[in-house]
Amino acid sequence: MQLTSPRLRAALLAAASLTLVAAVLPPPKALGIGDPLFPELGNPGYDVLSYDLSFTYKDNLSPLDAVTVIDARAQEPLERINLDFTNGTVASAEVNGEPARFESVAEDLVLTPARPVAASVPLHIVIRHTSDPRGRSDGGWVVTDDGLAMANQADAAHRVFPCNDHPADKAYFTFRITAPAGLTAVANGLAGALPVRRSAAATTWTYRTVHPMATELAQVSVGDSAVVHGTGPHGLPLRDVVPAADRQKLERWLKKTPAHIEWMERRVGPYPFENYGVLIARAKTGFELETQTLSLFEHGLFTEEGYPEWYVESVMVHELAHQWFGDSVTPRAWSDLWLNEGHATWYEALYADGLGKYSLERRMREAYQRSDQWRAAGGPPAAPKPAAPGQKIGLFRPAVYDGAALILYALRQEIGAEAFDRVERSWVGEHRDAIAGTEDFVRLASREAGRDLGAFLKPWLYGNTTPPMPGHPEWSGAKAA
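The structure displayed is predicted, hence computed values, not measured ones. (Residues numbered from 1 in each chain as written. Predicted model: local features only at pLDDT ≥ 70, side-chain atom pairs only at ≥ 80, totals over all residues. Heavy atoms only, no water.)

A look at the nonpolar core
Consideration 1: Ranked by internal contacts, the top residues of the largest apolar core, which has 70 residues, are Met264, Phe302, Trp338, Trp346, Tyr347 and Trp427.
Consideration 2: The greatest single-element share of this core, amounting to nine residues, is contributed by helix α8 (residues 402-415).
Consideration 3: Excluding residues that lie within four positions of it along the chain, methionine 264 makes contacts with Gly269, Val317, Leu320, Ala321, Trp324 and Tyr347.
Consideration 4: Counting 59 residues, the second-largest nonpolar core is a separate cluster that includes Ile70, Leu78, Ala179 and Tyr207. (Core = buried A, V, L, I, M, F, W, Y, C linked by side-chain atoms within 4.5 Å. Buried < 20%, exposed > 50% of the residue type's maximum accessible area, 1.4 Å probe, protein only. Helix = DSSP H or I, 4+ residues; strand = E, 2+ residues; numbered from the N terminus. Contact = heavy atoms within 4.5 Å.)

A word on the sheet that holds strand β6 (residues 101-105)
Consideration 1: The antiparallel open sheet is built from three strands, whose spatial order is β3-β7-β6. Sheet topology places β3 (81-84) and β6 at the edges, where each strand pairs with a single neighbour. Along the sheet, successive strands turn relative to each other by an average axial angle of 25°, direction set aside.
Consideration 2: Bridge analysis of β6 against strand β7 (residues 108-112) gives five bridges, and the strand direction is antiparallel. Among the inter-strand pairings, serine 104 is bridged to a residue of β7, identified as leucine 109. (Pairing = 2+ DSSP bridges. Axes fitted to C-alpha atoms, helices over the stretch in contact; angles between N-to-C directions.)

Quick word on the packing of α8 against helix α9 (residues 417-430)
Consideration 1: At a closest axis distance of 7 Å, the pairing of α8 and α9 adopts a crossing angle of 130°. Between α8 and α9, the angle falls in the class oblique. Side by side, α8 and α9 meet where Leu408, Leu411, Arg412 and Ile415 of the first sit next to Ala417, Ala419, Phe420 and Val423 of the second.
Consideration 2: Taken together, the residues of the contact of α8 with α9 sort by class into seven nonpolar, no polar and one charged. (Parallel < 35°, antiparallel > 145°, perpendicular 65-115°, else oblique. Nonpolar A, V, L, I, M, F, W, Y, C, P; charged D, E, K, R; others polar.)

Things to note about the side chain of aspartate 84
Consideration 1: Mapped onto the secondary structure, aspartate 84 falls in strand β3.
Consideration 2: There is no salt bridge for the buried aspartate 84, and the closest opposite charge comes from arginine 159, which lies 10 Å off by N-O distance.
Consideration 3: Setting aside residues no more than four positions away along its own chain, aspartate 84 makes contact with Glu40, Leu41, Gly42, Asn43, Glu107, Asp108, His158, Phe161, Pro162, Cys163, Asn164 and Asp165. (Lys, Arg positive; Asp, Glu negative; His and termini not counted. Salt bridge = Lys/Arg side-chain N within 4 Å of Asp/Glu carboxyl O.)

As structure tokens, this is what we get:
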């Protein structure tokens, strides 16, 4: 048969080219960037600049139809491109406008472009796939009573969309969410330049981030939600998302956010993003999560009996503090998690102390008493023990929460409150929208203190036992009162 269609001829030639390329390359394999705790997380060879994610939601028990568009830049010659992706079915893939072969290996999606990609060349990747909320309980989509939300920390974004799933590769995000009429879809950032598109059957919502974001901080929520708008310090737009039926009941908690932001800004400087708010989901997760600009909270934290008001507020401050520590400044490697959780726990504890409910010194003394046990069980704060072979790591351990806040307390005891405050402000100011790690923090703290703090901080960060606490010779791990 003679081929008369140029488009058909080009498609067949591209398919033949892919077959030839695949024939000479070795079998694809899963890759990683060498994170000690997640050795196959992230992918080498390229830098993602932006994600454009489209989701079509039907109900919270059905896979979503999705399109992921990635703009990146190759950092080295690439015959194959590895992405992190699992828990969905891929229908097609393109690289720079041409069909690409795709294969799943472990939790990687491996693309073979029609032709090798040279270093420094822009990459435009389009993947049509599904995103399945079913059958996973360890992150990614969270099924709520009325829809879905996301909880991607630490290694679960790739269970939702193809990505370079490591916080060291931050990027800008655009979200396009289509949901049945009557439901509300929200995502990180601001409502996009495109207006909300409505029909009798469905609505499409668009959001864009103004600052780069790690994949683990992405948030999309669909449900029977009310969006409550307000204004925070210096005109900051506030946007809270709550179950529509509970809007009035929850409003008193939403009104606390402006004062929380003012409290944090007095200590560390201006809020770092385009807006802020809380997303209260009808789900039992066992955690709250600092998704960028829109922190995720369990409904029960605000509605169930047994949580004192001071405790709920301090948890709200914990997630807010993460917007500076963990979101704006993201960890270079997952062993740097103590910088996120230690700082958020520090400001949570400081806030509770200010309310006169749970003194900072008491909390730190109690943490000191348990610190050796935490280190023995999970490793020191800056060097968590990796998972045993064949087991999934449990990264969120006491040593990286109160155990890491204890390091900050020790640092303040050692260098004084004034120098400590300079460290905090300089840290979030100099590394805004960037990545930074433990050694960066040690260098910055040394500079602000005017002396090398390496010898002081190293045992606190990496030691198997807890060093003596400056100013508190009476504290001990076994006998603290």
